[in-house]
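Remarks on the overall topology
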Amino acid sequence: MMILIVVLLVLWLIAAVIGFAFKGLVWLAIIGVVLFAGTAAIGFVRRKALRR
């Protein structure tokens, strides 16, 4: 499960970088940042739950 979360984080980060690199794709950067933050939050919560 953690491998999937890490892969998603990398994909969202790549999407954000591509979006910021090209002016016409700023919407892609915004979506990438939002999805990155959401995936990181879900990963953090699930990781804490597994420790218990």
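Report follows, based on the coordinates. Because the structure is predicted, anything quoted here is derived from the model rather than measured.

**Details of the packing of helix H1 (residues 2-21) against helix H2 (residues 26-51)**
It is the contact of H1 with H2, at a shortest axis distance of 7 Å, that shows an interaxial angle of 160°. Between H1 and H2, the angle is such that the two are roughly antiparallel. You can see that H1 and H2 cross each other, and the crossing is left-handed. For the pair H1 and H2, contact is made by Met2, Ile5, Leu8, Leu9, Trp12, Leu13, Ala15, Ala16, Ile18, Gly19 and Phe20 and by Val26, Leu28, Ala29, Gly32, Val33, Leu35, Phe36, Thr39, Ala40, Gly43 and Arg47, respectively. The residue makeup of the contact of H1 with H2, split by class, is 17 nonpolar, four polar and one charged.

**Section: H1**
Look at H1: 29 Å from first C-alpha to last across 20 residues, which is about the 28 Å you get at 1.5 Å a residue. Listed in full, the buried residues belonging to H1 are Ile5, Leu9, Ala15, Ala16 and Gly19. Take H1 and look down its axis: the buried residues cluster within an arc of 130°, on one side only. Summarising the geometry of H1, the exposed residues directed more than 90 degrees from the buried face are Ile3, Val17 and Ala21. Those residues of H1 that are buried lie in contact with H2.

**A few points about H2**
Here H2 is 26 residues long and its end C-alpha atoms lie 38 Å apart, about the 38 Å a rise of 1.5 Å per residue gives. Within the span of H2, buried status applies to Ala29, Gly32, Thr39 and Gly43. Those residues of H2 that are buried are in contact with H1.

Criteria and cut-off values
- Residues numbered from 1 in each chain as written.
- Predicted model: local features only at pLDDT ≥ 70, side-chain atom pairs only at ≥ 80, totals over all residues.
- Heavy atoms only, no water.
- Axes fitted to C-alpha atoms, helices over the stretch in contact; angles between N-to-C directions.
- Helix = DSSP H or I, 4+ residues; strand = E, 2+ residues; numbered from the N terminus.
- Parallel < 35°, antiparallel > 145°, perpendicular 65-115°, else oblique.
- Left-handed = near helix turned anticlockwise from the far one by under 90°.
- Contact = heavy atoms within 4.5 Å.
- Nonpolar A, V, L, I, M, F, W, Y, C, P; charged D, E, K, R; others polar.
- Expected span 1.5 Å × (residues − 1).
- Buried < 20%, exposed > 50% of the residue type's maximum accessible area, 1.4 Å probe, protein only.
- Arc of directions from axis to C-beta.

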